[in-house]
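Results of the structural survey
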Amino acid sequence: MKYSSPLTILTTLLLLHETLYSTMADQKFIENTCKGTPSPNLCLKILLANPKSQNSDLTDLALIGVAAVEDKGLETIRQIVALKRSRPKLKPTLNYCEKAYHAVVYADVPSSNEALRGGLAKFAEDGMADSAVESQACERSFREHGWVSPMTDSNKVMNDVANVVRAIIRMLL
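The name an unreviewed UniProt entry assigns to the chain is Pectinesterase inhibitor domain-containing protein, from the organism Deinandra increscens subsp. villosa. Recorded in UniProt under Sequence similarities (unreviewed entry), the annotation for the chain is "Belongs to the PMEI family."

Encoded structure:
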């Protein structure tokens, strides 16, 4: 039987220690970042769900958040399309909501991504603020027509996610 040299064992232990320390430091950075948002638990859920959050700086975390807004927007558009088929009387309001969520996915998200990559956090923040406003406008449109919204949960989640991401982006200002 061949035994490892003390130097090999020491080197392995040091590498293991360094890897563990680095991972703990990344986790702490994410936790501290999320404490500065309106919903720390939601923030952690968004960021930790993406493996790219490890070894990320604040801009990278903001980009991960913007991607989460895009995912939620696309999911909500699919929900709207399904609701148009199952609840045809709501179609005018659903059309309005679909336009609002298209603005989120095809205008707000790309402009926020571009702004973050260009170091223009203020413009990225504006995109996330608008994403929250669009979700609120969609929800309000149902009340304005005297209907109960079938999208309350989705609109609230989009509003919450956009505001968490907006808070992360504000840390860059």
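We now examine the layout of surface pockets. The space that makes up the largest pocket amounts to roughly 270 Å³. Lining the largest pocket are 13 residues, with Lys45, Ile46, Ala68, Asp71 and Val161 sitting closest to its centre. When contributions to the lining of the largest pocket are tallied by element, the ones reaching two or more residues are helix 2 (40-48), helix 3 (58-86) and helix 6 (152-170). Looking at which element gives the most residues to the lining of the largest pocket, the answer is helix 3, with 6 residues. Considered class by class, the residues forming the lining of the largest pocket number 8 nonpolar, 1 polar and 4 charged.

Once that is clear, we can look at helix 2. Taken residue by residue, helix 2 has Leu42, Cys43, Ile46 and Leu47 as its buried positions. Projected down its long axis, helix 2 carries its buried residues within an arc of 125 degrees, all on one side. Exposed residues pointing more than 90 degrees away from the buried face of helix 2 are listed as Asn41 and Lys45.

A few words on the state of the cysteines. Counting across every chain of the model gives 2 disulfides. The disulfide bridge from cysteine 97 ends at cysteine 138, spanning 2.1 Å between sulfur atoms. Here cysteine 97 and cysteine 138 share a disulfide; its torsion about the S-S bond, 100 degrees, makes the bridge right-handed. Of the two residues, cysteine 97 sits in helix 4 (residues 91-117) while cysteine 138 sits in helix 5 (residues 121-144), which places them 41 residues apart along the sequence. You can call cysteine 97 buried: its relative accessible area is 0%. You can call cysteine 138 buried: its relative accessible area is 0%.

Thresholds applied
Residues numbered from 1 in each chain as written. Predicted model: local features only at pLDDT ≥ 70, side-chain atom pairs only at ≥ 80, totals over all residues. Heavy atoms only, no water. UniProt positions renumbered as here; feature names shortened; annotations may be inferred. 1 Å grid on protein atoms, 1.4 Å probe; cavity = no way out; pocket = protein on both sides within 12 Å on 5 of 7 lines; lining within 4 Å. Points joined across faces, edges and corners; volume = space filled by probe spheres on them. Helix = DSSP H or I, 4+ residues; strand = E, 2+ residues; numbered from the N terminus. Nonpolar A, V, L, I, M, F, W, Y, C, P; charged D, E, K, R; others polar. Buried < 20%, exposed > 50% of the residue type's maximum accessible area, 1.4 Å probe, protein only. Arc of directions from axis to C-beta. Disulfide = S-S within 2.5 Å.

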